[in-house]
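Structural overview
One letter stands for each residue in the lines below.
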Amino acid sequence: MDELPPLRALLERAGLWADKRLGQHFLLDLNITRRIARCAGDLRGQAVIEVGPGPGGLTRALLEAGADPLIAIEKDARFLPLLEPLVSWSDGRLRLNIADALEIDEAALLGGCNAHIVSNLPYNVATPLMIKWFKAGAWRASMTLMLQKEVAERVVAAPRTSAYGRLSVIAQTRCAVDYVFTVPARAFTPAPKVESAVINLEPRADAYPHLDVLERVTAAAFGQRRKMLRAALRGLAAELGTSAEDLLARAGVAPTARAEEIDLAGFIALAESVRSGT
Ligand code: SAM
């Protein structure tokens, strides 16, 4: 790894600049990228998906950690000349795909094996990417993700906190979530306006399967988070031809409760109440 040219020199030589429309903030310090790779556990011989390798800092750390194969998905083809040397350095363990990660079919790329996802996510599409992976099939193993700190806090938030919302419920009904460490803005080139954080997500054996229903319930409940649930769920109940009071009674949830007071079990009970009424 040490014989590879420094990332900053590669970027300068190629005349590449960060394109903000693609959420490009690079980690050029291998100490940080190695720390992220370590958070993902023992990756030797494990298939890993990395979204947005960019100039390849985290890619280097993941290859060094033994990922095999490392399937990288990058939307910006300008980085190919920086990444291609890593393909030969890695004896073909690195497989590059120039594609939009929101569109790509990961299961088809993996051909039947499971994969961890380790990525410094493009912040503008981090939430839709996570939702896509929460919905993914059995191929998705653990995820180690760098995100805006504020989004990371929402993923791990507990009930009765201001960060608790739709993303917390959806993430935590699918995965055991863990906030690992905060990364200051100055660690990136160029520095973003906000701090970032690394989170770990381990699939839950008892993951709630009806995510579409849970999305409808949480959208209605948190869409009007200051209202009592008997008011916030009125529209959803009407669509189902029932009343919010009935939906809540079937779930054993108090009609006067507010969304942020409802724990995961409560939201699952509400989703089941919706399912039994459809
Ligand atoms: N991994 C690099 C690092 O840590 O230095 C770059 C991380 S940068 C925050 C996000 C990367 O995701 C950029 O390389 C960007 O081009 C890429 N990207 C943005 N949107 C994407 C998408 N929809 N699909 C795949 N890659 C995307």
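Parameters and conventions
Residues numbered from 1 in each chain as written. Predicted model: local features only at pLDDT ≥ 70, side-chain atom pairs only at ≥ 80, totals over all residues. Heavy atoms only, no water. Helix = DSSP H or I, 4+ residues; strand = E, 2+ residues; numbered from the N terminus. Buried < 20%, exposed > 50% of the residue type's maximum accessible area, 1.4 Å probe, protein only. Axes fitted to C-alpha atoms, helices over the stretch in contact; angles between N-to-C directions. Parallel < 35°, antiparallel > 145°, perpendicular 65-115°, else oblique. Left-handed = near helix turned anticlockwise from the far one by under 90°. Contact = heavy atoms within 4.5 Å. Nonpolar A, V, L, I, M, F, W, Y, C, P; charged D, E, K, R; others polar. Domains from an automatic or database assignment. Buried area = accessible area lost by both parts, 1.4 Å probe. Salt bridge = Lys/Arg side-chain N within 4 Å of Asp/Glu carboxyl O. Polar contact = N/O pair within 3.5 Å; in protein donor to acceptor, adjacent residues only side chain to side chain. Pairing = 2+ DSSP bridges. Right-handed = clockwise from strand over helix to strand, strands pointing away. Core = buried A, V, L, I, M, F, W, Y, C linked by side-chain atoms within 4.5 Å. Near = heavy atom within 4 Å. Areas by Shrake-Rupley, 256 points an atom, 1.4 Å probe, with all protein chains shown as cover.

1. Digging into the environment of Arg226
Looking at the element boundaries, Arg226 is found in the loop between α9 (211-223) and α10 (229-232). Arg226 sits in the exposed class, given a relative accessible area of 74%. In the structure, Arg226 is positioned 33 residues away from Ala259 in sequence and 7.8 Å away in space, judged by C-alpha atoms.

2. A look at the packing of α9 against helix α13 (residues 264-276)
Where α9 meets α13, the closest approach of the two axes is 9 Å, and the angle between their N-to-C directions is 110°. Considering their axes alone, α9 and α13 lie roughly perpendicular with respect to each other. The interaxial crossing formed by α9 with α13 has right-handed handedness. Only Phe267, Ile268, Leu270, Ala271, Val274 and Arg275 of α13 make contact with α9, whose side of the interface consists of Val213, Leu214, Val217, Thr218, Ala221 and Phe222. Its residues assigned to classes, the contact of α9 with α13 shows 10 nonpolar, one polar and one charged.

3. A closer look at the domain arrangement of the protein
Domain assignment breaks the protein into domain 1 (7-203) and domain 2 (211-276). A C-alpha centroid distance of 33 Å is found between domain 1 and domain 2. Counting residues at the interface gives 15 residues for domain 1 and 16 residues for domain 2. Summing both partners gives a buried area of about 1,300 Å² for domain 1 against domain 2, and 67% of it is carried by carbon and sulfur. At the boundary of domain 1 and domain 2, one finds two salt bridges. When the shortest N-O distance is used, the salt bridge between Lys135 and Glu215 registers 3.0 Å. Across the domain 1-domain 2 interface, the total number found is four residue pairs in polar contact (both at pLDDT 80 or more).

4. Describing the pattern of salt bridges
Summed over all chains, the structure comprises 15 salt bridges. Several salt bridges converge on common partners, so that one network encompasses Lys135, Asp212 and Glu215.

5. Focus: the pairing of strand β2 (residues 48-51)
Along β2, one buried face is formed by Val48 and Glu50 and the opposite face, lined by Ile49 and Val51, is buried too. As judged from the four bridges shared by β2 and strand β3 (residues 70-74), these two strands associate in the parallel manner. Residue pairing across strands places Glu50 opposite Ala72, the latter belonging to β3. Read as a crossover between parallel neighbours, the route from β2 over helix α3 (residues 57-64) to β3 is right-handed. Summarising the sheet, β2 and strand β5 (residues 115-120) pair through two bridges and their orientation is parallel. Along β5, the bridge assignment pairs Ile49 with Ile117.

6. Quick word on the nonpolar core
In this structure, Phe134, Leu145 and Phe267 are the most contacted members of the largest nonpolar core, which totals 61 residues. Looking at this core element by element, the count peaks at seven residues for α9. Each of domain 1 (7-203) and domain 2 (211-276) contributes no fewer than three residues to this core. Excluding anything up to four places from it in sequence, Phe134 contacts Arg140, Met143, Leu167, Ile170, Ala171, Arg174, Cys175, Leu201 and Leu211.

7. Regarding the side chain of Thr144
As for its placement among the helices and strands, Thr144 is situated in strand β6 (residues 140-148). With residues near it in sequence (within four places) discarded, Thr144 still touches Ile36, Cys39, Ala40, Ile117, Val118, Ser119, Val198, Ile199 and Asn200.

8. Digging into the site of the ligand
Around the ligand, 20 residues are found, and the nearest of them are Gln24, Leu27, Gly52, Glu74 and Asn120. The contact in question runs from a nitrogen atom of the ligand to an N or O atom on the backbone of Ala101, over 2.9 Å. At 2.8 Å from an oxygen atom of the ligand is found a side-chain nitrogen or oxygen belonging to Asn120. The protein chains hide 99% of the 590 Å² of surface that the ligand would expose on its own. Of all the secondary-structure elements, those providing two or more residues to the shell around the ligand are β1 (26-27) and β3. When its residues are assigned to classes, the shell around the ligand shows nine nonpolar, six polar and five charged.

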